[in-house]
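Results of the structural survey
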Amino acid sequence: MTETVATQPQAPYPAWRDPALSAEARVDALMRAMTLEEKTAQLYGVWVGASDEGAEVAPHQHDMEEPVDLDALLPDGLGQLTRPFGSAPVDPALGALSLMRTQQRITAANRFGIPAVAHEECLAGFAAWGATAYPVPLAWGATFDPALVREMAAAIGRDLRAVGVHQGLAPVLDVVRDARWGRVEETIGEDPYLVGTIATAYVQGLESAGVVATLKHFAGYSASRAGRNLAPVGMGPRELADVILPPFEMAVRESGVRSVMHAYTDTDGIPSAADDRLLTGLLRDTWGFTGTVVADYFGIAFLKTLHGVAGTFGEAAGAALAAGVDVELPTVKTFGAPLLDAVRKGHVPEELVDRAVRRVLLQKTRLGLLDPDWSPVPPALRGADTTADPDALRGTVDLDPAANRELAGRIAERAVVLLRNDGTLPLDPRTPRRIALIGPNAEAPTAVLGCYSFPVHVGGQHPATPPGIDLPTLREALVAEFPGAEILVARGTGIDDTETEGFAEALTLARSADLVVAALGDRAGLFGRGTSGEGCDAGSLDLPGAQQQLLDALLDAGTPVVTVLLAGRPYALGRAADESAAILQAFFPGEGGTAAIASVLSGRTEPSGRLPVSVPRHPGAQPSTYLASRLGHAGEVSSIDPTPAFGFGHGLTYTTFEWSDLDIEATEIPTDGEVRLALTVANTGGRAGSELVQLYLHDPVASVVQPVRRLIGYVRVDLAPGESRRIHVTVPTDLASFTGRAETRVVEPGALELLFSASSTDPRLTARVTLTGPVRRLDHRRRLHAVWHLRPQVLSSNVTPTSGVVPG
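To keep things clear, this report deals only with the structure shown in the data block. All of these numbers come straight from a predicted model, not from anything done at the bench. (Residues numbered from 1 in each chain as written. Predicted model: local features only at pLDDT ≥ 70, side-chain atom pairs only at ≥ 80, totals over all residues. Heavy atoms only, no water.)

**What about the overall build of the protein?**
- Each helix and strand in the protein was counted, giving 21 helices and 32 strands.
- The C-alpha atoms of the protein give 27 Å as radius of gyration, which agrees with the globular expectation for 808 residues (28 Å, within 12%).
- The principal-axis extents of the C-alpha atoms in the protein amount to approximately 75 × 65 × 55 Å.
- Counting all 808 residues of the protein, 62% fall into the buried class.
- The contacts in the protein between residues at least 6 apart in sequence include a share of 79% that link residues at least 24 apart.
- Surface summary for the protein: the accessible area is close to 27700 Å², and the carbon and sulfur share equals 50%.
- Distance between charge centroids for the protein: 4 Å, based on 68 positive and 96 negative side chains. (Helix = DSSP H or I, 4+ residues; strand = E, 2+ residues; numbered from the N terminus. Rg over C-alpha atoms; globule rule 2.2 N^0.38 Å. Buried < 20%, exposed > 50% of the residue type's maximum accessible area, 1.4 Å probe, protein only. Contact = heavy atoms within 4.5 Å. Areas by Shrake-Rupley, 256 points an atom, 1.4 Å probe, with all protein chains shown as cover. Lys, Arg positive; Asp, Glu negative; His and termini not counted. Charge placed at Lys NZ, Arg CZ, Asp CG, Glu CD.)

**Considering the pairing of strand β16 (residues 582–587)**
- With respect to burial, β16 is a largely interior element, 6 of its 6 residues being buried.
- Here β16 shows no split at all, with Ala582, Leu584 and Ala586 on one side and Ile583, Gln585 and Phe587 on the other all buried.
- Where strand β15 (residues 561–567) and β16 come together, 6 bridges link them in parallel fashion. Residue pairing for β16: Val562 is matched across the bridge by Ala582. (Pairing = 2+ DSSP bridges.)

**Things to note about the packing of helix α6 (residues 146–162) against helix α15 (residues 402–415)**
- Two elements in contact, α6 and α15, have axes separated by 11 Å at closest approach and are oriented at 150 degrees. The angle between α6 and α15 places the two elements in the roughly antiparallel class. In terms of crossing hand, the pair formed by α6 and α15 is left-handed. Across the interface between the two elements, Leu148, Glu151, Met152, Ala155 and Asp159 of α6 pack against Asn404, Leu407, Arg410, Ile411 and Arg414 of α15.
- Partitioned by chemical class, the residues of the contact of α6 with α15 number 5 nonpolar, 1 polar and 4 charged. (Axes fitted to C-alpha atoms, helices over the stretch in contact; angles between N-to-C directions. Parallel < 35°, antiparallel > 145°, perpendicular 65-115°, else oblique. Left-handed = near helix turned anticlockwise from the far one by under 90°. Nonpolar A, V, L, I, M, F, W, Y, C, P; charged D, E, K, R; others polar.)

**What about the nonpolar core?**
- Core analysis: the biggest nonpolar cluster contains 229 residues, and Tyr202 and Phe218 have the highest contact counts within it.
- Looking at this core element by element, the count peaks at 8 residues for helix α7 (residues 192–208).
- Every residue in contact with Tyr202, bar those within four places of it in the chain, is listed here: Cys122, Trp140, Val149, Met152, Ala153, Ile156, Ala170 and Pro171.
- Grouped together as the second largest cluster of nonpolar side chains are 31 residues, Val675, Leu697, Ala736 and Leu765 included. (Core = buried A, V, L, I, M, F, W, Y, C linked by side-chain atoms within 4.5 Å.)

**Some details on the packing of aromatic side chains**
- Per the stated rule, a full pass over the model turns up 15 aromatic pairs.
- For the ring pair Phe144 and Tyr714, a centre distance of 5.2 Å and an interplane angle of 85 degrees mean the geometry is edge-to-face. Taken together, the residues span a long stretch of sequence, with Phe144 in the loop between α5 (137–143) and α6 and Tyr714 in strand β23 (residues 710–719) at a distance of 570 residues. Neither Phe144 nor Tyr714 differs from the other in exposure class; each is buried.
- Joined through ring pairs, the aromatic side chains of Phe144, Tyr193, Tyr626, Phe648, Tyr696 and Tyr714 make up one cluster.
- Between Lys216 and the ring centre of Tyr452, over which it is positioned, the NZ or CZ distance is 5.7 Å.
- Positioned above the aromatic ring of Trp659 is the side chain of Arg764, whose terminal nitrogen or guanidinium carbon lies 5.3 Å from the ring centre. (Phe/Tyr/Trp six-rings, centres within 6.5 Å; stacked < 30°, edge-to-face > 60°. Lys NZ or Arg CZ within 6 Å of the ring centre and 35° of its normal.)

**A look at the sheet that holds strand β3 (residues 80–82)**
- Taken together, the 8 strands give an open sheet; going across it, the order is β2-β1-β3-β4-β5-β6-β7-β10, and neighbouring strands pair in mixed fashion. The open sheet terminates on both sides in strands that have one partner only, identified here as β2 (58–59) and β10 (292–294).
- Sheet topology note: the strand β5 (residues 167–168)/strand β6 (residues 212–218) ladder contains 2 bridges and is parallel. Considered in β6, the bridge of Gly168 is made with Ala213.

**A short note on the sheet that holds strand β12 (residues 434–438)**
- Strand order across the open sheet formed by 6 strands is β11-β16-β15-β14-β12-β13, with mixed pairing between neighbours. Sheet topology places β11 (417–421) and β13 (486–490) at the edges, where each strand pairs with a single neighbour. Here the average twist between neighbouring strands, direction ignored, is 20 degrees.
- The sheet contacts of helix α18 (residues 503–512) involve β12, β13 and β14 (515–521), and relative to β13 the element is tilted by about 160 degrees.
- Across the sheet, helix α19 (residues 547–556) touches β12, β14 and β15, and the angle it forms with β14 is around 170 degrees.

**Some remarks on the state of the cysteines**
- Per the stated rule, a full pass over the model turns up 0 disulfides.
- Counting only cysteine sulfurs, Cys451 is the nearest neighbor of Cys122, a cysteine outside any disulfide, at a range of 15 Å.
- A residue is classified by how much of its surface remains accessible, and Cys122, at 0% relative accessible area, is buried.
- Cys536 forms no disulfide, and the closest cysteine sulfur to it belongs to Cys451, at a distance of 6.5 Å. (Disulfide = S-S within 2.5 Å.)

Structure below.
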């Protein structure tokens, strides 16, 4: 028998249940009936773990939290359930059953029958056992393909909703400022326009599936001093306004996002969790955001314990509420008894509680959680007998279906970046050869996974549990891709080992081979358990451990070396940057990553990725990104040269392209006008390939110091051999704006250069124009994109439009 739930009220409904009323009217009616205790209960989550037997969830114990008594909490209600699937390995069907039964318990315990919002991490796919492990966000950036990222996010959202999850804690919009920071793998890149367009596409995809996306970390987390996790941030207002905030602004304006997570850090002494200018003045009053602001885990308590701006947890709760934080995550610490006590004593106005509760309940109403026909049974269990033996459900929910795996593979292929090639690649798979596969990532199944992929994030604590997904090693992928080759394997050294005793075996293999594939890079982990990931910050950008020594020894062995990097950040490669026969960079490319690398090596897949972060030439030249002023580049006044080995946007293909016939409609443009340009891109090689046309702006003279160049648009064009395309672009002068001396955004008259480039270091065609007229002041309603017009004969299946591309 299929279980039915008969807990819904019969018509006529209470006003707050009535779908004929507006969401606002329903919430107002509900709040009038709620006690203070019932209202504050909607403002926090409880960290739980689903049961692998299908029973109700159990509170998750953590060294930063106290045990939670659900029986005591639930009569007042509950705002959120934290990571029911992401706390332990649980069969997806039984996890969905466990969550369903918990929602029944929650709704039965509180007098209004209000369910909780269940949230999960989804930074590299749904962080659940058996769910597809997609490439990490840094790999999304390497695709320069918002449409593909949108497709991925929609698939992730469908999987989340299928098992009863309402909110995903992604994407990360932090712009890389120092590649030593451990969370670089979670970011999309070092350029705010790239981050904004890719993150906005991700949000659109997740929200299209009915899942609440969460922008994080708002704002400045990635600009911490020395690249240390959760360190203070000392940037000025212009860096904040022109580098850190634009991706968030774009996502708020264009994506329909419904939640934002505050950052852990303080900026110039003001913690984000207590910054009303940021969370209310800018986010809501200026940008018009109407969703919920959630705390980064334990972030409100940190106002007392780490930042020292609150003396008690009640003061911390009041400061966060006043700033604009609505929900405490992951569990109740400050918004429970400390907040109630502070309100009752008059230290925190009840109006602040009401403001937050209204936002939370509006979101629940719009999610359908207060509708009379709401059911706790998730889509994945509809039609199943949830009253029978739970083991009968085991294995019936597939979170890694073939369609997901195919999509994960496509993204991985699009994200592999060919940094260098002396002609060694591609390798004909029909040619017999002896390949020495050497390095710590040669046979490591999890080498393709980032810190927030479930097998790393949680699975490492359960070593006896299989990963739940197929993770072919690089050796297995090469064997499949090159059936006629002899693949010889030696580890050489560990990821962060300093020992070199394995070098002898590796060098013996290398000297006997026709080709060496050096499999190097990172091991993802948490808080020092890896070389990349949250809390795994690096002192320099040397390859971890003895890997550089191994690589140098392989170069000396005399056999051509193809360097393959499976990593979460860029690393300086020393002499290998110039002496490797070829270099492939793959930023934790997910479960399809090794197959993607093998297919690029063979030429079955054309390399098309581009660097979302610069690859340094020297490991100690940090912090350094391409977004630097003249003084940030190489000069005679410093012995440190920050010039990258491979610049932002760089990536080679197996063909050649010619850029020509630049046309400028007018060279004098008013400060409120548009620049119209056109160019032709032709594939002059013998293979199909994908060219990425990047448009940078250079402002030679401005009232405040500007970066030498910054990205303002891009378009990807796939061309067959001999094929050409005429590309038109309209650039609004708004894109020349920056934050001036008065800390307002301005467009100034004067000369500008627009550079059509293959990377930040490789301009191909330059348009010089002059802006005329008065200084123009702009606000948040300014235009954010150039518009790329493609003629009908140009717009074909061979052209992948990116953000701002329209047929015309």
